[in-house]
Amino acid sequence: MITTNKGMGCPVAKRPAHKLKFGIISLIAVALVAFLMRMISYSAATANGSINLMGYDSFYHMRRILYTAFNFPHSLNFDSYINYPAGFEVGWPPFFDFLGALLAKVLGVGHPDLYTTEFAGALLPVILGILTIIPLYIATAAIFDRKTALLGALIFAVIPAHVYISRFGAVDHHVAETLLSTSAYACFILALKWAREGSLSLPSLKTISSEKKLVKSLVLAVASGLFFALLIYTWIGALVFVSFILLYAFIQTTIDLKAEKNSDYVLICSTVALLATLLFTIPLSAGSVRPGLEMSAMYISWFQVFYVFSMLAGTLILWGFSLYISKKGLDWKYYPAALILISLAGLLSLKIFSAESYSFVIEGMSFFLGKGEYISTISEALPIFLTTEGKLTFAPVLGSLGLCFLTTLGGFFLLGLEWIGEKSKPEGVFFLLWSAFFAYLTLSQRRFSYLFAVNVAILTAYFLWVLLDSFDFETEVKKLAKSVPIAGKNATPALKAEKETKSKKSGKETKSKKSGKETKSKSRSKINNLSGSKQNSQPDYFKIVSSLALIGLVFIPCIWAGVAFAKDDGLINPVWKDSLTWLGASSPETSYYLDPSGTPEYGVLSWWDYGNWIVYQSKRPAVSNNFQTGVDDSAHFFTADSEEEAKAILEKLKVKYVITDNLMASGKFGSIVKLAGENISKYLNVQTTNVNGGLQTIATAKKEFTETEVYKLHQLDGSNLGNLRLVHESTAPEENNDSTSDVKIFEFVPGAMLSGTTDPGQNITATLELSSNTGRKFTYQNEVVSDKNGLFEITVPYSTENKTGGVNALSTYSLNAGGNVTVSEIQVTEKDVLEGNKVEVKIPDSK
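Cut-offs and rules
- Residues numbered from 1 in each chain as written.
- Predicted model: local features only at pLDDT ≥ 70, side-chain atom pairs only at ≥ 80, totals over all residues.
- Heavy atoms only, no water.
- Helix = DSSP H or I, 4+ residues; strand = E, 2+ residues; numbered from the N terminus.
- Buried < 20%, exposed > 50% of the residue type's maximum accessible area, 1.4 Å probe, protein only.
- Contact = heavy atoms within 4.5 Å.
- Areas by Shrake-Rupley, 256 points an atom, 1.4 Å probe, with all protein chains shown as cover.
- 1 Å grid on protein atoms, 1.4 Å probe; cavity = no way out; pocket = protein on both sides within 12 Å on 5 of 7 lines; lining within 4 Å.
- Points joined across faces, edges and corners; volume = space filled by probe spheres on them.
- Nonpolar A, V, L, I, M, F, W, Y, C, P; charged D, E, K, R; others polar.
- Polar contact = N/O pair within 3.5 Å; in protein donor to acceptor, adjacent residues only side chain to side chain.
- Salt bridge = Lys/Arg side-chain N within 4 Å of Asp/Glu carboxyl O.
- Axes fitted to C-alpha atoms, helices over the stretch in contact; angles between N-to-C directions.
- Parallel < 35°, antiparallel > 145°, perpendicular 65-115°, else oblique.
- Left-handed = near helix turned anticlockwise from the far one by under 90°.
- Disulfide = S-S within 2.5 Å.

Caption draft 1: Summary view of the overall build of the protein chain. Each helix and strand in the protein chain was counted, giving 31 helices and 18 strands. Counting only residues that meet the buried cut, the protein chain has 48% of its 847 residues in that class. Long-range pairs, those at least 24 residues apart, make up 70% of the contacts in the protein chain with a sequence separation of at least 6. Surface accessibility of the protein chain: about 40200 Å² in total, with carbon and sulfur atoms responsible for 61%.

Caption draft 2: Structural context of unusual backbone geometry. Omega for the peptide link from F72 to P73 comes to 0°, which places this bond in the cis form. Considering the arrangement of structural elements, one finds P73 in the loop between α3 (57-70) and β3 (78-79). Note that the residue after Y84, namely P85, is joined by a cis bond; omega there is 5°. Counting through the fold element by element, P85 comes out in the loop between β3 and β4 (88-89). Non-glycine residue N48 carries a positive phi angle of around 65°. Along the polypeptide, N48 turns up in the loop between α2 (42-45) and α3.

Caption draft 3: Here's a closer look at empty space enclosed by the protein. Evaluated as defined, the whole model comprises two cavities of 30 Å³ or more. Roughly 50 Å³ of volume is contained in the largest cavity. Contributing to the lining of the largest cavity are E643, A646, K647, L650, E709, L721, N723, L724 and F748. The class makeup of the residues in the lining of the largest cavity is five nonpolar, one polar and three charged. If you add up the space inside the second largest cavity, you get close to 40 Å³. Residues belonging to the lining of the second largest cavity are distributed by class as follows: three nonpolar, two polar and three charged.

Caption draft 4: Molecular detail of the side chain of H714. Among the structural elements, H714 can be located in helix α30 (residues 709-714). What makes H714 buried here is its relative accessible area of 0%. Within the structure, the side chain of H714 is placed 2.7 Å from the side chain of T660, a separation counted as a polar contact. In this structure the side chain of H714 is engaged in a polar contact, spanning 2.7 Å, whose partner is the side chain of N662.

Caption draft 5: Highlighting the pattern of salt bridges. Applying the stated criterion across every chain yields a total of 16 salt bridges. Residue E830 pairs with R725 through a salt bridge whose shortest N-O separation is 2.7 Å. Linking E830 in helix α31 (residues 830-835) with R725 in strand β9 (residues 724-729), this pair joins segments that are 105 residues apart in sequence. Taking the relative accessible area as the measure of exposure, R725 reaches 4% and is therefore buried. Via salt bridges that share partners, K656, R725, E747 and E830 belong to a single interconnected network.

Caption draft 6: Summary view of the packing of helix α9 (residues 174-197) against helix α10 (residues 212-232). In contact at an axis separation of 8 Å, α9 and α10 are set at 160° when each is read in the N-to-C sense. When the axes of α9 and α10 are compared, the pair comes out roughly antiparallel. Between α9 and α10 the crossing geometry is left-handed. Residue composition of the contact of α9 with α10, by class: 17 nonpolar, four polar and four charged.

Caption draft 7: Up close: the state of the cysteines. One pass over the full model with this rule turns up zero disulfides. No disulfide involves C558; its sulfur sits 3.4 Å from the nearest other cysteine sulfur, which is in C404. Judged by its relative accessible area of 0%, C558 is buried.

Quick look at the structure:
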């Protein structure tokens, strides 16, 4: 059916109802596939009747979702339970956590309990992940066609990089970034497409009310701005996505000037989108908790408004300069040259007049380049083709994107050739730049593969259809379908034709008689056509098998890796969970957990990786957490080689518990050293040797390593330390033959002081036999040297009193002086340890 668009004066084909129905059913099927892929983690995430979260940041997002659900609609902006004891203003924008709390309110009919709220938070990534299929389909259909869009949606449903961030239990805002950025770009692409087809220009704005396509173009540009504003309210780095609009407008206008085309449609769409972003961002920033007109790129503030306004001003400058170039008939090359100079001048002016804003811009650029003191210690922030040692690797890209990465390269290359020069379409140029931009982000930091997954799915679908079309896949499949016998309809088209011919020959009714010559001629023609039809109706199985092999090469690795990602043991390590559950149940409760405005009584110190686990699982304040707060103090504590230095840090930070694990004393030690401002070579001899024909890196500990606080705690159970005592340890896994447990919790206590007199310059060693909560037996020792008067004072953290569970003494203290004299049966009470009391020890005369 053909109708006419009166405003455009051109025919527009309506989509047949049966095709529309098929498209809707197909999208629902794709959504179901996406749902199933993302719910594979459900059983693990809901084991033991509780919600088990994935990763690290999920725990802090869930803390914020809980806070918002119970204080709806207010968000948690300042938290005294992180960066203890100072507290920390949280830089995460609140939109993702607000959605989680809103979903909890819906599921809980206005009054969700803890389980319902956690379930809603765990389900939210799945919902947002599935919803991303819609803008992806819309964008792909606008750029290519619906069959490519459907295939791209199906690839996206199973692509590992996105399955990983949108699986059940992965409570993180990355899935919202993908949904909102894809929605913003999809709306902008449609706006561009309809603006180009409708010849949107400044004069056309006067009669725009009668042009439905142009009205839709402007409405979609506004929708794009709305999604950008929501993106800003979701991720603090979202401004880079907004900046991309200005970059695209600059490049597209340059292309149009070179081709002597009008660029009004591009600049109108860009201006409307950025103006809408500005208008929607203003109330979000005005409603933030930042005081006055303070501007900060790390928090929602007036900085976002200022930045979007500068992007809008930049677009207007582009527009004005392009009009000037066109009017004066100047060479198009003046346009990019002049604007690049203006941009550099603007950046220089910003540095002169607003050093703070300039530093924000430079820091933002460094972040996306993967540079920075803390970023370099985060594994997910590494370049996708490099290991932590800087060696080439393909494992991350294959694990995140499967073989789709290769098809993406092919699709990008073919698309570039197809749209080069005069054949380029503005929406196509936008998509290519968008893909190149996200590819760059992924190359510089592997974690951004979840954003690139959208472009990978689209480009793979395009490339795959190019190959399938070369095999006439659709035609061959139709032939195969027709060749399959159907009940009651077993006759092939060729046999039916023969029957119809015989029926006509033997029929009694004829309309006219023909000459014998004509009849013979037509009979021969029918026989020839019948023979050709019979041959053409047979499917080419080689083409079908080849096509299925191509499809398999794309989907099988993705599904395999996607399932592995969905089932990935990204849950909190069981030994950590058990240890933190013990800490929450056995340590003194701290105040303000549900209303973290006041300062709690004490804090817990560990490495920053585990901070969010400590806060959420044990409900205790953490010195350092995954915002990299308190990292300097933690790094200097664990690398300290003197007890006095370590003790001063704990006292300054009001720390009561210290937690270590195997990784901190091994694999993570390099990052700890780096952030402490030291070099790993100070502690370890690192050598690369040839082992069995291959190179292997071997690290040998130096004396400096054995003197660090982390070594004394985790490897020596606190020996040679007087104020930290082991109070709980996890059970070592069965596959670990080492007796050292994975997680150990130490309590910081004043310690009892064993004092006495002996010969000057004698080594005094206190020894105590102990048993941990796991039944493991170990020996605690501490040693001092008597002074010139023979006086000694040695601090010990354990009492000899028996307690129920936990770590208990198996003996009394024994004191050895000079290797010759030993004093046994030294009793130390818990009160002595907690109050720092002196315990006098009489050393007999060695003479």
